[in-house]
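As a plain string of letters, each chain reads:
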Amino acid sequence: MIPLDLHRYDAIKQKYFDKVYGSLQDIPDYSTYHVSHDNLFIRELVYTLYKCDLINCLVDKNNDIFKLRSKQAKDVNGFSDDMLKAAVRALVLADVPVLRKTTETFDSGTAYDELCKYHRLKNKSEAKKTPLEKASELQLKDKYGFLIYFAAKSYEKMRRQKIDPGNGVLTELPKCIVNALGIRTCPYCNRGYIGVSKGRLLGVQLDHFYNRNKYPFLAVSLYNLVPCCGVCNLIKRDIVKDIISPYEDDADFENAVHFSYEIPKSAAAGPNGGKRQLDIVVDPDADQKQRYENNIEIFRLKDAYAFQELEAERFYEKMLAYPESRLQEIAKHFNDNSDESVTAADLEESLFREYFTEPSDYTQKPMAKFYRDLYYNIKGWKR
Ligand SMILES: [Zn+2]
């Protein structure tokens, strides 16, 4: 629910790409998969992307390098080093709209069905496979095995790579990512602290926003890696719904999604007898309303935040105890006895300091949006 600033990667993007490009070429057991010579591994990757019709989604069609693509892609040897590099760069540094388009193309073609079939056959015991299934498995392995191999090897290798983020210190990739983003809380749920503490990773897992079993070719795409908490990573694992990535520039969680602590209209005569209830609501007029709702559902945010019902109640009672009129009364007393003037707003800020948050705090403080929304909701203000 918390947007991540993708421009924060600007300083490490090129270094990240160089590492991926370099590490792809020296995966040690590459030669067991294909005869090793310069760039063949990457040629095979690019060719596989071409087979799955994904290159068109990944690259800028005006790029001269890829004007050659349609003529030469069928011939793996037709790729020049520059073409390969541009293709891998497109794959590794693609933004979320491009990644999304790529996955949609993959889903809509036969490639994905075939990949699922291959996974099913691979997991079936040898004794139970019919001769036809055995033949089919071999054929599919030839066609897609490379992608799975790429996903498994390249990502595991990248995780262990170290990058100098610009301070002269070689740092492991997951730590580099967290440091570059400067986050201290999970972008999916904003419920607890995660991050780098005393130089060590704490509670961070790297989620593949687009699942790497389903989309092996996106295993090392930078904007497919979302540092998040273990709970979110676990419950999201097999999602099929279309959800919004924290890297999506045009997503607007701040205005589209709100925490509320109100008396539900329908519940006035219900079992709760008009009691306020904590809820998470999506603006009915929000663009892409369904996708925001999917995020809330997939990360089980309503269940997760139900734990905060008591917090909401305490917050509400505290705000009730200090209405504007009372704060002004107290401020008057202060001003009688002191040279420094104290306003009602100063007092309110001191009383509610821990709850006063700005959108810029969301990546730094757990439950920052929860408190900010509740503050405005209880006050009955429109932002
Ligand atoms: Zn989380």
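For clarity, every value in this text was computed on a predicted model and none was experimentally measured. (Residues numbered from 1 in each chain as written. Predicted model: local features only at pLDDT ≥ 70, side-chain atom pairs only at ≥ 80, totals over all residues.)

Some thoughts on the overall build of the protein
Quick note on the threshold: Each helix is a run of H or I in the DSSP string that is no shorter than four residues. Each strand is a run of E no shorter than two, and both are numbered from the N terminus. Exposure in this text rests on C-beta crowding, where 20 or more other C-beta atoms within 10 Å of a residue's own make it buried, 12 or fewer make it exposed, and counts in between make it partly exposed. The C-beta atoms are placed from the backbone.
A tally of regular secondary structure across the protein gives 19 helices and eight strands. Each of the 383 residues in the protein was classed as buried or not, and the buried ones make up 32%.

Regarding the nonpolar core
General note: in soluble globular proteins, nonpolar side chains tend to be found buried as a group. Note the threshold: Only buried residues count toward a nonpolar core: Ala, Val, Leu, Ile, Met, Phe, Trp, Tyr and Cys, linked into one set through C-beta atoms within 7 Å. C-beta atoms are placed from the backbone for every residue, and two residues are taken to be in contact when these atoms lie within 7 Å.
By size, the foremost hydrophobic cluster in this structure holds 88 residues, and its most contacted members are Leu 49, Leu 58, Ala 87, Leu 91, Phe 150, Cys 189 and Phe 217. Those residues within four positions of Leu 49 in sequence are excluded, and the remaining contacts are Leu 54, Ile 55, Leu 58 and Phe 217.

Observations concerning the confidence of the model for the protein
In plain terms, the rule: Values of pLDDT, ranging from 0 to 100, describe the predictor's confidence in every residue of the model.
Looking at the protein, the pLDDT average stands at 84 and 86% of residues meet or exceed 70. Low confidence marks residues 29–37, where pLDDT is under 50. Its contacts with residues over four positions away, or in another chain, come to eight contacts.

Concerning unusual backbone geometry
Located in the positive-phi region is Lys 198, a residue other than glycine, with phi close to 50 degrees. Within the secondary structure, Lys 198 sits in the loop between strand S3 (195–197) and strand S4 (200–202). The exposure class assigned to Lys 198 is exposed, which follows from the 5 C-beta atoms found within 10 Å. Within the chain, Met 367 stands out as a residue other than glycine whose phi angle is a positive 65 degrees. Summarising the element assignment, Met 367 is placed in the loop between helix H18 (344–351) and helix H19 (368–379).

Topic: the packing of helix H9 (residues 110–123) against helix H10 (residues 131–160)
Heads up, the condition is: In this analysis, axes come from line fits to C-alpha atoms, helices being fitted only over the stretch in contact, and the angle between any two N-to-C directions falls in the range 0 to 180 degrees. Roughly parallel means an angle under 35 degrees; roughly antiparallel, over 145; roughly perpendicular, 65 to 115; everything else is oblique. Note on convention: near helix rotated counterclockwise from far helix by under a right angle means a left-handed crossing. Clockwise means right-handed.
Direction vectors running N to C along H9 and H10 enclose 125 degrees, while the axes themselves pass 9 Å from each other. For the element pair H9 / H10, the angle class is oblique. Crossing of H9 over H10 shows left-handed handedness. Residue-level inspection shows Glu 114, Leu 115, Lys 117, Tyr 118, Leu 121 and Lys 122 of H9 in contact with H10, the latter providing Glu 133, Ser 136, Glu 137, Leu 140, Lys 141, Lys 143 and Tyr 144.

Looking at the environment of His 208
Within the fold, His 208 resides in strand S5 (residues 205–208). A tally of 22 C-beta atoms within 10 Å means that His 208 is categorised as buried. Distance in space between the C-alpha atoms of His 208 and Val 226 is 6.4 Å, their sequence separation being 18 residues. Apart from residues lying up to four places away in sequence, His 208 is in contact with Ala 219, Asn 224 and Leu 225.

So, H9
The criterion, for reference: Any helix carries an expected span of 1.5 Å times its number of residues minus one. The arc in question is the one spanned by the directions pointing from the helix axis to the C-beta atoms.
For H9, spanning 14 residues, the distance from its first C-alpha to its last is 20 Å, which sits close to the expected 20 Å at 1.5 Å a residue. Within the span of H9, buried status applies to Ala 111, Leu 115 and Tyr 118. All buried residues of H9 fall inside an arc of 60 degrees around its axis, so they share one side. Every exposed residue of H9 that faces more than 90 degrees away from the buried side is listed here: Thr 110, Asp 113, Arg 120 and Asn 123. The secondary structure elements touched by the buried residues of H9 are helix H8 (96–108) and H10.

Let's talk about the environment of Asp 285
Locating Asp 285 in the fold gives a position in the loop between strand S8 (277–282) and helix H14 (289–298). Taking the C-beta count within 10 Å as the criterion, Asp 285 has 7 such neighbours and is therefore assigned exposed. Spatially, the C-alpha atoms of Asp 285 and Ala 256 are 8.3 Å apart, while their sequence positions differ by 29 residues.

A short note on H19
For H19, spanning twelve residues, the distance from its first C-alpha to its last is 17 Å, which sits close to the expected 16 Å at 1.5 Å a residue. When H19 is considered as a whole, its buried residues turn out to be Ala 368, Lys 369, Phe 370, Tyr 371, Arg 372, Asp 373 and Leu 374. Lining the buried residues of H19 we find strand S7 (257–262), helix H15 (301–306) and helix H16 (309–321).

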